[in-house]
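# Architecture at a glance
What follows is the residue order along each chain.
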Amino acid sequence: MNQAQWMEEALALAAAAAAEGEAPVGAVIVDGEGRIIGRGRNRRESGDPLGHAELIAIAEAARAVGGWRLEGTTMVVTLEPCAMCAGALVNARVSKLLFAAFDPKAGFCGSLGNLVQDARLNHRLEVEGGFMEERSRDLLQAFFRELRQRDRTERWQSG
């Protein structure tokens, strides 16, 4: 598999999250051989504040390798990780981050800050942002447009 195929898998996970009423974010972790060893999609609306796609993928990858160190792996995710997820990537020792859409309101891998490349930390990731950005941005915008429309309709019908 290649980067585009990995991102396609992450986008499919994001679409599945959207179908469940979750923000459409999907993530995969790929080992050094190019195999997907962890998958995640957002699950916060089910009541788990830690239900971010990245954290779910990290946990699954750690189970797959039998330990917490994910050196030599790449995270591929549809949206720039937040500060919590960026910290988890550093602590799990993921080697590379490839993300699609930048997140100017919460992204912490280049937008609001850059935790994953902070020289004060004992581990830093290689980062590439904007890969297949348009596809991810379109999915996110469509989801939130529908959510706003649904909210307006519900307010109008109840008012």
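Described below are features of the structure shown in this document.

## Description of the overall build of the protein
Across its full length, the protein carries 4 helices and 5 strands. Listed N to C, the secondary structure of the protein is α-β-β-α-β-α-β-β-α in terms of helices and strands. Relative to the globule expectation of 15 Å for 159 residues, the C-alpha radius of gyration of the protein, 16 Å, shows essentially globular dimensions. With respect to the three principal axes, the spread of C-alpha positions in the protein is 55 × 30 × 30 Å. Looking at the protein as shown, the accessible area adds up to about 8400 Å², and 49% of this sits on carbon and sulfur atoms. Taken together, the 19 basic and 22 acidic charged side chains of the protein have centroids lying 3 Å from each other.

## Side note on helix 1 (residues 3-19)
One turn of an α-helix holds 3.6 residues; hence residues three or four places apart share an orientation. With 17 residues, helix 1 should cover 24 Å at 1.5 Å per step; its first-to-last C-alpha distance of 24 Å lies within 8% of that length. For helix 1, the capping residue at the N-terminal end is N2, with a side-chain oxygen 3.1 Å from the backbone nitrogen of A4. Backbone geometry just after helix 1 places G21 at a positive phi near 85°.

## Some points on the packing of aromatic side chains
For the coordinates displayed, the defined rule picks out 2 aromatic pairs. Between F99 and F102, the ring centres sit 4.9 Å apart and the planes meet at 80°, which makes this aromatic pair edge-to-face. Its relative accessible area of 0% is what places F99 among the buried residues. On the accessibility criterion, F102 (38% relative accessible area) is partly exposed.

Rules behind the numbers
- Residues numbered from 1 in each chain as written.
- Predicted model: local features only at pLDDT ≥ 70, side-chain atom pairs only at ≥ 80, totals over all residues.
- Heavy atoms only, no water.
- Helix = DSSP H or I, 4+ residues; strand = E, 2+ residues; numbered from the N terminus.
- Rg over C-alpha atoms; globule rule 2.2 N^0.38 Å.
- Areas by Shrake-Rupley, 256 points an atom, 1.4 Å probe, with all protein chains shown as cover.
- Lys, Arg positive; Asp, Glu negative; His and termini not counted.
- Charge placed at Lys NZ, Arg CZ, Asp CG, Glu CD.
- Expected span 1.5 Å × (residues − 1).
- Polar contact = N/O pair within 3.5 Å; in protein donor to acceptor, adjacent residues only side chain to side chain.
- Phe/Tyr/Trp six-rings, centres within 6.5 Å; stacked < 30°, edge-to-face > 60°.
- Buried < 20%, exposed > 50% of the residue type's maximum accessible area, 1.4 Å probe, protein only.

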